[in-house]
Amino acid sequence: MTPKSLFLNFFATLPGQRTPAARVTSPPRLTGRPDAKAPLRLLIPLMMLGAVGWAAAGEPISGETSQSLDGVWRFTTDASKPPASWVDMKVPGNWDSTPEFSTYVGVGWYRRTFTPDPALKGKSVRIHFGAVYHEAEVFLNGKSIGTHVGGYTPFEFDVSNKLVFGQPNEITVSADNTYKRGAWWPWGGISRSVTLVGNNPVRLVFQHIHGDPDLAAGIASVSVKYRLQNTGATPADVTITSRLASWDKELVNATHTVNAGETKDVTARFDLPKEQVRLWHFDHPEFYHLETTLTVAGEVQHAVSDRFGIRKIEISATEFRLNGEPVRLVGFNRVADDAGKYGNTEPEVLVNGDVDLMKRAGANMQRINCVPQATTLLNRMDEKGMMIVVGIPVWGDDPQTTVVDNPLTKQWLREMIERDYNHPCIIGWEVANESYQYLGYHENMIDYVRKELDPHRLLTFASWNSYRTDVAGTEKHPVDKADLPMINMYR
């Protein structure tokens, strides 16, 4: 991909969403902007699936058992206190949402007991956390089972040989919100759901779908990357079968050997004829469901169904096109902060209401906020036909994060993209917000995403000084290094 000279104002209040080709408003002139009559130079065909719930591989059909650990846990800021002095705390939730701990910054401790569902016995079992802010350590029956740093992305640990069936088990989580990320409150605690998940030894970790629609012919070429995992003690010949729920035709049937203890990526492709192609658009967001089944020796090991949509994004110096149509971009920013009841753990009714309000106000695209978003919001964005850019919480020139080959920011990008890759609402990934100058970090992270995580979406960072002449280092901040330059203007 070559750099683009395109400026998009996500906070405009323009009347309407469509702009006829002859009336497309040119963006502000940038240094080195190519001739407005230049042909489209970037084609980003996108076909993504919208995750349902937290599961990376979509809605389980068979071969998976889950047990929610949401509800009331016990909480304290001093783990040395006797258990009777701990207080009730809702999970998911934030301790800052309670009057007693509304301004507390530091380590909070959560604890609860549970009896494992007998249906999990004999399965490969993981304990999955949707998010814990910001540094977490998890203990099961008094023993540490793992740590995680990053307050907005999911993580999980294998507990197959650590659960005790037929009696209560105790889980304890420490959460530290000392490290503040950006210009919003560092909401502490277990902010998204906790779930025990059991699978057969062979499972589908995820399926990432990319489609290239041919707008002239009306057809689409679709490729799928499957991540397979075998936790068993012997190799398995795994047969993958995929079909569309709305089209009774086997589209993928392939067998791959997955060694014992191996996680393996394999790919497949299929074509959709014209009569099967319905494009996702902000006026009519169309969806399909891809049903995939894994079998070993004829026995079903895991089956899931994923929702997805087909659409194409094209960008030139003066136009943004969705499915070949020039569109005018209108949008808002939304920070998931509620100082009263909810913190950053929002009920679906509130999220849906906000998205619906933005849609009624004419929004069709936005840079939603500087952190990975809740799945409930992404699902609603999919359903309302909203295009968004999402990113990780790297702010300014923070020396703890903006370093080349930073394993922590790579982890955040990987966790976010692996979970959210399949939402058609997401058209771009952001690697940093309001950087003071262009650093080796930006180029390094953009290259990492493009080569290892997602070669199809736009990649960008937000600048707040590239248009200014009074800021040192402005000349080192070339916004055309981004596929989609984004500029925050103040005062």
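Residues numbered from 1 in each chain as written. Predicted model: local features only at pLDDT ≥ 70, side-chain atom pairs only at ≥ 80, totals over all residues. Heavy atoms only, no water.

Caption draft 1: Quick look at the sheet that holds strand E3 (residues 64-68). Taken in spatial order, the four strands line up as E3-E14-E7-E11 in an open sheet, and their pairing is antiparallel. Because the sheet does not close on itself, it has two edges, and the strands there are E3 and strand E11 (155-158). When the angles between neighbouring strand axes are averaged without regard to direction, this sheet yields 25°. Across five bridges, E3 lies against strand E14 (residues 194-199) in antiparallel orientation. Across the sheet, the residue bridging to Glu64 is Asn199, located in E14. (Pairing = 2+ DSSP bridges. Helix = DSSP H or I, 4+ residues; strand = E, 2+ residues; numbered from the N terminus. Axes fitted to C-alpha atoms, helices over the stretch in contact; angles between N-to-C directions.)

Caption draft 2: Local environment of the layout of surface pockets. Of the volumes computed, that of the largest pocket is approximately 730 Å³. Among the elements of the structure, E14, helix H1 (348-360) and helix H2 (375-384) are those that each provide at least two residues to the lining of the largest pocket. A total of six residues in the lining of the largest pocket trace back to one element, the largest contributor, which is H2. When grouped by side-chain class, the residues that make up the lining of the largest pocket number 16 nonpolar, 15 polar and nine charged. (1 Å grid on protein atoms, 1.4 Å probe; cavity = no way out; pocket = protein on both sides within 12 Å on 5 of 7 lines; lining within 4 Å. Points joined across faces, edges and corners; volume = space filled by probe spheres on them. Nonpolar A, V, L, I, M, F, W, Y, C, P; charged D, E, K, R; others polar.)

Caption draft 3: Expanded view of the sheet that holds strand E27 (residues 458-460). Strand order in the open sheet made by the four strands is E24-E25-E26-E27, with parallel pairing throughout. Only two strands of the sheet have a single partner each, and these edge strands are strand E24 (365-369) and E27. Put simply, the sheet's adjacent strands are angled 25° from each other on average, direction ignored. Together, E24, strand E25 (387-391) and strand E26 (426-430) form the strand contacts of H2, whose direction differs from that of E24 by roughly 175°. (Contact = heavy atoms within 4.5 Å.)

Caption draft 4: Inspection of H1 at higher detail. With 13 residues, H1 should cover 18 Å at 1.5 Å per step; its first-to-last C-alpha distance of 18 Å lies within 8% of that length. For H1, the secondary structure elements touched by its buried residues are E24 and H2. Positive backbone phi, approximately 100°, marks Gly362, located one or two places after H1. (Expected span 1.5 Å × (residues − 1).)

Caption draft 5: Summary view of unusual backbone geometry. Cis geometry marks the peptide bond from Val91 to Pro92, where omega comes out at 0°. Residue placement: Pro92 occurs in the loop between strand E5 (87-91) and strand E6 (107-114). That bond from Tyr133 to His134 is cis: its omega, -10°, falls within 30 degrees of zero. Relative to the helices and strands, His134 is located in the loop between strand E8 (132-133) and strand E9 (135-140). The residue Asp405 is not glycine, and still its phi comes out positive at about 60°.

Caption draft 6: The arrangement of the pattern of salt bridges in detail. One pass over the full model with this rule turns up 25 salt bridges. Put simply, Arg307 and Glu383 hold a salt bridge, and the shortest N to O gap is 3.0 Å. Of the two residues, Arg307 is situated in strand E21 (residues 299-315) and Glu383 in helix H2; the sequence distance between them amounts to 76 residues. The class of Glu383 is partly exposed, set by a relative accessible area of 35%. One connected set of salt bridges, linked through shared partners, spans Arg307, Asp356, Arg380, Asp382, Glu383 and Lys384. (Salt bridge = Lys/Arg side-chain N within 4 Å of Asp/Glu carboxyl O. Buried < 20%, exposed > 50% of the residue type's maximum accessible area, 1.4 Å probe, protein only.)

Caption draft 7: Just the side chain of Asn169, in detail. Secondary-structure assignment places Asn169 in strand E12 (residues 169-176). Exposure remark for Asn169: the relative accessible area of 1% places this residue in the buried category. At a separation of 3.0 Å, a polar atom in the side chain of Asn169 contacts the side chain of Asn141. If we ignore the near neighbours within four places in the chain, the residues touching Asn169 are Arg112, Thr113, Phe114, Pro116, Leu140, Asn141, Lys162, Leu163 and Val164. (Polar contact = N/O pair within 3.5 Å; in protein donor to acceptor, adjacent residues only side chain to side chain.)

Caption draft 8: The arrangement of the nonpolar core in detail. If you look at the biggest cluster of nonpolar residues, it comprises 34 residues, and the most contacted ones within it are Met381, Ile388, Leu413, Trp429, Val431, Tyr441 and Val449. Looking at this core, the elements with two or more residues in it are H1, H2, E25, helix H3 (407-420), E26 and helix H4 (440-453). With six residues, H4 is the single largest residue contributor to this core. The contacts of Val431, once residues within four sequence positions are left out, are Ile392, Val394, Leu413, Tyr441, His442, Met445, Ile446, Thr460 and Phe461. (Core = buried A, V, L, I, M, F, W, Y, C linked by side-chain atoms within 4.5 Å.)

Caption draft 9: Structural context of the pairing of strand E7 (residues 124-129). The element E7 is largely enclosed, with a buried count of six among its six residues. Going residue by residue along E7, you find Ser124, Arg126 and His128 tucked away on one face and Val125, Ile127 and Phe129 tucked away on the opposite face as well. In the sheet, E7 pairs with E11 via four bridges, with the strands oriented antiparallel. Residue pairing in the sheet places Phe129 in a bridge with Phe155 of E11.

Caption draft 10: Representation of the environment of Asp176 within the structure. Here Asp176 shows up in strand E12. Under the relative-accessibility criterion, Asp176 is labelled buried at 18%. In this structure, the C-alpha to C-alpha distance between Asp176 and Val149, residues 27 residues apart in sequence, is 9.5 Å. Filtering out sequence-adjacent residues up to four positions away, Asp176 remains in contact with Gly106, Val107, Tyr133, His134 and Glu135.

Caption draft 11: The arrangement of the packing of aromatic side chains in detail. On inspection of all chains with the given rule, the structure shows 12 aromatic pairs. Seen from their ring centres, Tyr288 and Phe308 are 5.0 Å apart, and the 10° between their planes marks the pair as stacked. In this pair, Tyr288 sits in strand E20 (residues 288-296) while Phe308 sits in strand E21, placing the two residues 20 residues apart along the sequence. Of the two residues, Tyr288 and Phe308, neither departs from the other in class, the shared state being buried. Aromatic ring contacts, followed pair by pair, group Trp73, Phe75, Trp95, Phe101, Tyr104 and Tyr110 into a single cluster. Sitting over the ring of Tyr288, Arg278 keeps its end group 4.3 Å from the ring centre. Taking the ring centre of Tyr448 as reference, the NZ or CZ of Lys410 above it sits at 5.0 Å. (Phe/Tyr/Trp six-rings, centres within 6.5 Å; stacked < 30°, edge-to-face > 60°. Lys NZ or Arg CZ within 6 Å of the ring centre and 35° of its normal.)

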